[in-house]
Amino acid sequence: MGCIFSSKSKSGDSAVVAVHSKSQWDELWDAHKTTTKLVVIDFSASWCGPCKMIEPAFKEMAGRFTDAAFLKLDVDELADVSRTWRVEAMPTFVLARGGEELGRVVGADKDELEKTINTFRSPSPAAAMATVA
């Protein structure tokens, strides 16, 4: 099941996995909880201008940071999942590992998102802090 997190689209344009159903989310999340791989979840909406603006940068990061999994959820399509994660603004990026939230970035701030991803890319918090210092 680990391959779910490293799959790319058949065309190869993006390493972002678009999640369109609660059952797909449950399958991905259950698989994630048993791994130490960082997962970056983009909670966005089709009508959200800032979400559209940061989407190319999010896709680019997904291609560059191959040691992390990148998921995208539409808050209107998966409202229950969004509520569970207490998403109140779009875009919201949640970073998680082993079933636990590590951090989040609210808003279309690509520099802050990249900095936060880099902070948590290492599996151990001590190693993550050593790379930041």
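- Labelled according to an unreviewed UniProt entry, the chain appears under the name Thioredoxin domain-containing protein, originating from Leersia perrieri.

### What about the environment of Val94?
Point 1. Of note, Val94 is situated in strand E4 (residues 92-97).
Point 2. In contact with Val94, not counting residues within four places along its chain, are Val39, Val40, Ile41, Phe43, Trp85, Glu101, Gly103 and Arg104.

### Notes on the state of the cysteines
Point 1. Counted by the stated rule, this structure contains one disulfide.
Point 2. Here Cys48 pairs with Cys51 through a disulfide, and the sulfurs are 2.4 Å apart. Between Cys48 and Cys51, the S-S dihedral sits near 80 degrees, and the bridge is therefore right-handed. Of the two residues examined, Cys48 and Cys51, each falls in the buried class.

### Digging into the pattern of salt bridges
Point 1. The full count for this structure, using the stated rule, is 12 salt bridges.
Point 2. Residue Lys22 pairs with Asp26 through a salt bridge whose shortest N-O separation is 2.8 Å. One end of the pair is Lys22 and the other is Asp26, both in helix H1 (residues 22-32) and four residues apart, which spans about a single turn.
Point 3. For Lys22, a relative accessible area of 41% puts it in the partly exposed group.
Point 4. For the salt bridge of Glu101 with Arg104, the shortest nitrogen-to-oxygen distance reads 2.9 Å.
Point 5. In the salt-bridge network here, residues are joined through shared partners; they are Asp42, Glu55, Lys59 and Lys72.

### Re H1
Point 1. Along H1, the residues that are buried comprise Trp25, Leu28, Trp29, Ala31 and His32. Taken end-on, H1 shows its buried residues confined to a sector of 160 degrees, consistent with a single buried face.
Point 2. In this fold, the buried residues of H1 make contact with strand E1 (16-19), strand E2 (38-44), strand E3 (68-74), helix H3 (79-84) and E4.

### Section: the confidence of the model for the chain
Point 1. Residues with a pLDDT of 70 or more make up 81% of the chain, whose mean pLDDT is 86.
Point 2. For the stretch residues 1-13, pLDDT sits under 50, and the model shows 17 contacts to residues farther than four places along the chain or on other chains.
Point 3. This stretch, residues 127-133, has a pLDDT under 50; its non-local contacts, to residues over four places away or in other chains, come to seven contacts.

### Comments concerning the environment of Trp85
Point 1. Within the secondary structure layout, Trp85 lies in the loop between H3 and E4.
Point 2. Its relative accessible area of 10% is what places Trp85 among the buried residues.
Point 3. Between the C-alpha atoms of Trp85 and Glu101, which are 16 residues apart in sequence, the distance is 9.2 Å.

Calculation rules
Residues numbered from 1 in each chain as written. Predicted model: local features only at pLDDT ≥ 70, side-chain atom pairs only at ≥ 80, totals over all residues. Heavy atoms only, no water. Helix = DSSP H or I, 4+ residues; strand = E, 2+ residues; numbered from the N terminus. Contact = heavy atoms within 4.5 Å. Disulfide = S-S within 2.5 Å. Buried < 20%, exposed > 50% of the residue type's maximum accessible area, 1.4 Å probe, protein only. Salt bridge = Lys/Arg side-chain N within 4 Å of Asp/Glu carboxyl O. Arc of directions from axis to C-beta. pLDDT = per-residue confidence, 0-100.

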